Amino acid sequence: MKIIIAGAGQVGVGLAKYLRAENHDIILIDNNVNRLGNLSELLDIQTIEGSSSYPAVLEKAGAGSADIFLAVTGSDETNIVACGVARSVFNVPTRIARIAAPEYLSVKYKSFLQSQGIDIVLSPEVETAHQILESLTVASSVDMVNLAGGQVKLVGLRIRKNSVLIGKKVADLKKMCTDVPVCFVALRRRRKLISMENTSLRWGDDIYVVTDTEHFLHMLDILAYQTISPKYLVVFGGGKVGYQIANILERTTFSQNVTVVEKDEARARWLGEKLNNTLVIHGDGLDDTLIDDLNLPAYQVAIATTQSDESNILLSLLAKRNGVERTCALIHNPLYEDLVTGLGVDLTIEPNAVLVSAILRHIRKGKVKNDYFIQSGIGEVLEVEAMETSKITKRPLSDLKIPDGVVVAGVMRGEQFIVAMPDLQVLPQDTVILFVARGKAREAEKLFTVGFTFF
């Protein structure tokens with residue numbers, strides 16, 4: 001497939017890497033030649049310097065034969081105009097725009113954005129806020145997502161220093177969970193996917209588990225992980241992500257007492273006007289006096305969402321030192337993730353990885369019902385409908401040649417989740433839940449006969 005990506009920031013480059021690994025034809029456009037650099041050689045893609053909102057630039061990119069147009073520049077206006085040009089001039093079938101401004105995200109402007117040629121609007125701030133709140137509910141989780149309409153969960157669990165799981169193998173974990181429908185789908189160590197077979201778990205490893213929602217809490221209990229239901233939550237940084245977190249919390253029962261600390265006085269005043277049930281404090285979270293006044297030990301959760309990765313890490317460490325149970329730091333540089341493991345930062349969220357996940361979820365087609373890009377970038381979890389002609393329905397899993405990098409976690413048959421066992425026979429109309437390592441989507445596709453990645 002031919003995919004044009006407008007914007008060579010971290011999101012655009014992340015998408016280019018991931019989609020190129022699946023052998024798609026990628027054209028990356030940016031008006032800053034320095035951002036494009038040597039990406040053409042590094043990623044084996046075509047790069048074009050220029051504004052993606054100019055018809056001449058899109059024509060040079062071959063937009064007339066493109067299948068998908070992704071507008072992910074840092075400018076909402078550029079993304080809107082670029083999608084309009086992609087539709088009106090070049091009739092690109094699918095157009096997705098990254099939109100950050102809350103004003104554009106209002107429901108009353110939905111028809112306007114559609115009229116400008118945008119099929120799907122994605123907000124990095126909204127997606128990030130939802131991901132943070134979803135992942136915060138389990139202590140020591142690094143990732144969490146609902147699958148099968150909420151009937152199944154994927155959770156990534158970090159192995160802690162004092163964990164009873166250290167030294168155990170995945171086979172041991174399976175024995176511990178014999179009365180729970182659970183599948184261990186991936187093991188990550190130092191940012192890399194490693195084999196689960198005969199590997200002993202170490203401190204800092206991330207193990208990814210799929211189970212049904214009914215048994216989720218029991219599974220966590222068996223593996224010695226706890227859930228969190230915070231009454232008191234503090235957000236350091238009232239920028240776009242911080243505001244969206246508070247805005248979402250005001251509409252849910254996740255936490256009844258939310259405090260936002262914002263350094264900029266004008267922004268703090270704006271937040272105070274927009275938020276109805278949130279305490280907004282003007283001040284610097286790194287100020288000792290403010291920390292004392294906040295009484296941090298009273299909070300169960302602290303989320304740092306300032307524009308500075310370093311400040312977010314420091315704020316999380318400060319909160320942990322003051323007795324906060326669960327801390328989260330927003331980071332843009334993925335190199336920080338491994339450095340802060342074990343220091344007191346329980347969860348790190350990369351907004352760019354969240355947006356890449358959201359975009360992939362919308363551009364997968366065919367029989368793919370859902371697609372979740374795992375935060376760490378090791379792969380994705382797919383929900384795919386099996387058909388009469390699918391190879392995966394012809395014989396039990398044990399008799400199939402499952403490609404390396406692909407793990408069948410189980411199937412949804414009606415309302416029931418059936419965990420994958422060697423003798424499991426997938427039936428037509430089953431929804432198959434599978435983990436696919438990065439770059440292995442084409443291999444997984446072969447199990448379903450009809451191409452599911454794109455049509």
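What counts and how
- Residues numbered from 1 in each chain as written.
- Predicted model: local features only at pLDDT ≥ 70, side-chain atom pairs only at ≥ 80, totals over all residues.
- Heavy atoms only, no water.
- Pairing = 2+ DSSP bridges.
- Helix = DSSP H or I, 4+ residues; strand = E, 2+ residues; numbered from the N terminus.
- Axes fitted to C-alpha atoms, helices over the stretch in contact; angles between N-to-C directions.
- Contact = heavy atoms within 4.5 Å.
- Phe/Tyr/Trp six-rings, centres within 6.5 Å; stacked < 30°, edge-to-face > 60°.
- Lys NZ or Arg CZ within 6 Å of the ring centre and 35° of its normal.
- Buried < 20%, exposed > 50% of the residue type's maximum accessible area, 1.4 Å probe, protein only.

Engineer: Before we move on, could you go through the sheet that holds strand S22 (residues 431–437) and cite the residues and values that matter?
Structural biologist: In space, the five strands of this open sheet follow the order S18-S19-S22-S20-S21, with antiparallel pairing throughout. The open sheet terminates on both sides in strands that have one partner only, identified here as strand S18 (368–373) and strand S21 (416–419). Strand after strand, the sheet turns through a mean of 20° between neighbouring axes, direction not considered. Helix H16 (residues 351–363) contacts S18 and strand S19 (379–385) of the sheet and is inclined by roughly 165° relative to S18.

Engineer: Which residues make up the packing of aromatic side chains, and what values go with them?
Structural biologist: The description of two aromatic rings rests on the distance between their centres and on the angle between their planes. Within the structure shown, the criterion is met by three aromatic pairs. Where Tyr 18 meets Phe 373, the ring centres are 4.9 Å apart and the plane angle is 80°; that geometry is what we call edge-to-face. With Tyr 18 in helix H1 (residues 10–20) and Phe 373 in strand S18, the pair connects residues that are 355 residues apart, well separated along the chain. Here the basic side chain of Arg 160 rests over the ring of Tyr 225, its NZ or CZ set 4.3 Å away from the ring centre. Seen from the ring of Trp 203, Lys 161 lies directly overhead, with NZ or CZ sitting 5.0 Å from the centre.

Engineer: Before we move on, could you go through helix H11 (residues 240–250) and cite the residues and values that matter?
Structural biologist: Residue pairs three or four apart in sequence face the same way in an α-helix, which turns once every 3.6 residues. Most of H11 sits inside the fold, with nine of its 11 residues counted as buried. When we look at burial in H11, the residues that qualify are Val 241, Gly 242, Tyr 243, Gln 244, Ile 245, Ala 246, Asn 247, Ile 248 and Leu 249. Contacts from the buried residues of H11 go to helix H8 (124–135), strand S12 (232–236), strand S13 (257–262), helix H12 (265–274), strand S15 (301–304) and strand S16 (326–330).

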